[in-house]
Amino acid sequence: MSRTRTALALGLAAAGALSVASVTATAAPSPLAGSTTVTPAGHSFKAALSGKATLKAGSVTVTCTVSVSTGTVPAAPGNQNPAGPVSSPITPPTYSSCTSSIPGVTPTVTTSGSWSVSMQNGSPITATMTVPVGGLVVHTTGLATCTVTAAPTAPANVGGAWVNGAPPSLTFTNASVPVTVTGGFGCPTSATSSVFNAVYKVTDTTDPAQQITVGP
């Protein structure tokens, strides 16, 4: 029987540079972040899954066809940052209508806690979704009863890309997040990460005629 590995993964890698001069090592300066403005200030928005979200660990894939989160663009002047991203709290995204690639295994995804998303203008525009500690749990029943907890010991940052449009989109491609797995036979208790892919369309719920836009 295949080992069942189910988890939602969302992730962001951080990098640093070090320059060495003869006998002294000094940290290279980090590049300065550009300015970011998210408009319309103070407007509420909804991010709804477009197509399907896939949650993959090893050869096992969990597919969800419904996912929604809501939030609000900060009111001015909080919607502007002259040297970095603009962050907004969001509701824990819901995931439903989920199936497993392993017959006889039924997955359920639950979320909780304080989630947020930040936007950084650039080329491309980047987005970072922060998952709180233990903020996402995948539980499977059937042939294998397992519990997968994302961000088990520290908040996890999920790297994505934002594209302005009508409507704009938020895409997560092969995003990774730390996980722990508990359970009995058939549970991948040695798994430490999983992978997430999804595309969300974002609509302005305060004024549907306008678009949420990220710029300098």
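The numbering scheme is per chain: residues are counted from 1 as the chain's sequence reads. Thresholds applied to this predicted model are a pLDDT of at least 70 for local features of residues and 80 or more for the giving and counting of side-chain atom pairs; totals over whole chains, interfaces and linings are not thresholded and use all residues. Here the side-chain values reflect all heavy atoms present in the structure, with hydrogen atoms and water set aside.

Only strands joined by at least two bridges in the DSSP assignment are considered to pair. Numbered from the N terminus, helices here are DSSP runs of H or I no shorter than four residues, and strands are runs of E no shorter than two. In spatial order, the strands read β7-β3-β18; together these 3 strands make up an open sheet with antiparallel pairing. Whereas interior strands pair on both sides, the edge strands pair on one side only; in this sheet they are β7 (80–81) and β18 (213–215). Direction of pairing for strand β3 (residues 36–39) relative to β18: antiparallel, over a ladder of 3 bridges. Bridge pairing in β18 links Thr 37 to Gly 215.

Attention shifts here to the state of the cysteines. In a disulfide, the sulfur atoms of two cysteines are held together by a covalent bond. Any two cysteine sulfur atoms within 2.5 Å of one another count as a disulfide. Tallying each qualifying case throughout the model produces 2 disulfides. Covalently, Cys 64 is tied to Cys 98 through a disulfide, its sulfur atoms 2.0 Å apart. Where Cys 64 bonds to Cys 98 through sulfur, the torsion about that S-S bond is close to 105°, and the disulfide is right-handed. Taken together, the positions of Cys 64 in strand β6 (residues 60–72) and Cys 98 in strand β9 (residues 94–100) put the pair 34 residues apart, joining distant regions of the chain. Cys 146 shares a disulfide with Cys 187; S-S distance 2.0 Å. Across the disulfide from Cys 146 to Cys 187, rotation about the S-S bond amounts to roughly -95°, and the bridge is consequently left-handed. Residue Cys 146 is located in strand β14 (residues 146–150), and its partner Cys 187 is located in the loop between β16 (169–183) and β17 (193–204); the two are separated by 41 residues in the primary sequence. With respect to class, Cys 146 is no different from Cys 187; both count as buried. By sequence-ordered numbering of the bonded cysteines, the protein has its disulfides arranged as 1-2, 3-4. Exposure is judged per residue with a 1.4 Å probe applied to protein chains only, and the accessible area is read against the type maximum: over 50% gives exposed, under 20% gives buried, and values in between give partly exposed.

The next subject is the nonpolar core. Residues Tyr 95, Val 109, Trp 162, Phe 172, Phe 196 and Tyr 200 are the most contacted members of the largest nonpolar core, which totals 45 residues. Top element by residues in this core is β16. It accounts for 6 residues. In this description, a nonpolar core means a group of buried Ala, Val, Leu, Ile, Met, Phe, Trp, Tyr and Cys residues linked to one another through side-chain atoms lying within 4.5 Å.

What follows covers the packing of aromatic side chains. Note on ring pairs: Phe, Tyr and Trp rings are taken, using the six-membered ring of Trp, and paired if centres are within 6.5 Å. Classes follow the plane angle, with under 30 degrees stacked, over 60 edge-to-face and the rest tilted. Per the counting criterion, the structure on display carries 3 aromatic pairs. Summarising the aromatic geometry, the rings of Tyr 95 and Phe 196 are spaced 6.3 Å apart at their centres and angled 90° between planes, so their arrangement reads as edge-to-face. Here the residue Tyr 95 occupies a position in strand β9, and Phe 196 occupies one in strand β17, the gap between them amounting to 101 residues. For Phe 196, a relative accessible area of 0% gives the class buried. Following the ring pairs from residue to residue traces out a cluster consisting of Tyr 95, Phe 172, Phe 196 and Tyr 200.

With that settled, consider the environment of Phe 185. For Phe 185, the position within the fold is in the loop between β16 and β17. Once the C-alpha coordinates of Phe 185 and Cys 146 are considered, the two residues, 39 residues apart in sequence, prove to be 8.8 Å apart.

Our focus in this paragraph is unusual backbone geometry. Between Thr 39 and Pro 40 the backbone carries a cis peptide bond, its omega angle lying at -5°. On the secondary structure map, Pro 40 appears in the loop between β3 and β4 (44–49). The peptide bond linking Ala 76 to Pro 77 adopts the cis configuration, its omega dihedral lying at 5°. A positive phi angle, close to 50°, is found at Ala 151, a residue other than glycine.

With that settled, the discussion passes to the environment of Ile 125. By the element assignment, Ile 125 lies in strand β12 (residues 125–131). Sequence-wise, Ile 125 and Gly 160 are 35 residues apart; in three dimensions their C-alpha atoms are separated by 8.9 Å. The contact criterion used throughout is that any non-hydrogen atoms of two residues lie within 4.5 Å. Dropping the residues within four chain positions of it, Ile 125 is found in contact with Gln 120, Gly 160, Ala 161, Trp 162, Asn 164 and Val 214.

Let us now look at the environment of Ala 191. Tracing the backbone through its elements, the reader meets Ala 191 in the loop between β16 and β17. On the basis of relative accessibility, which here comes to 8%, the residue Ala 191 falls in the buried class. Considered as a pair, Ala 191 and Pro 178 are 13 residues apart in the sequence and their alpha carbons are 9.0 Å apart.

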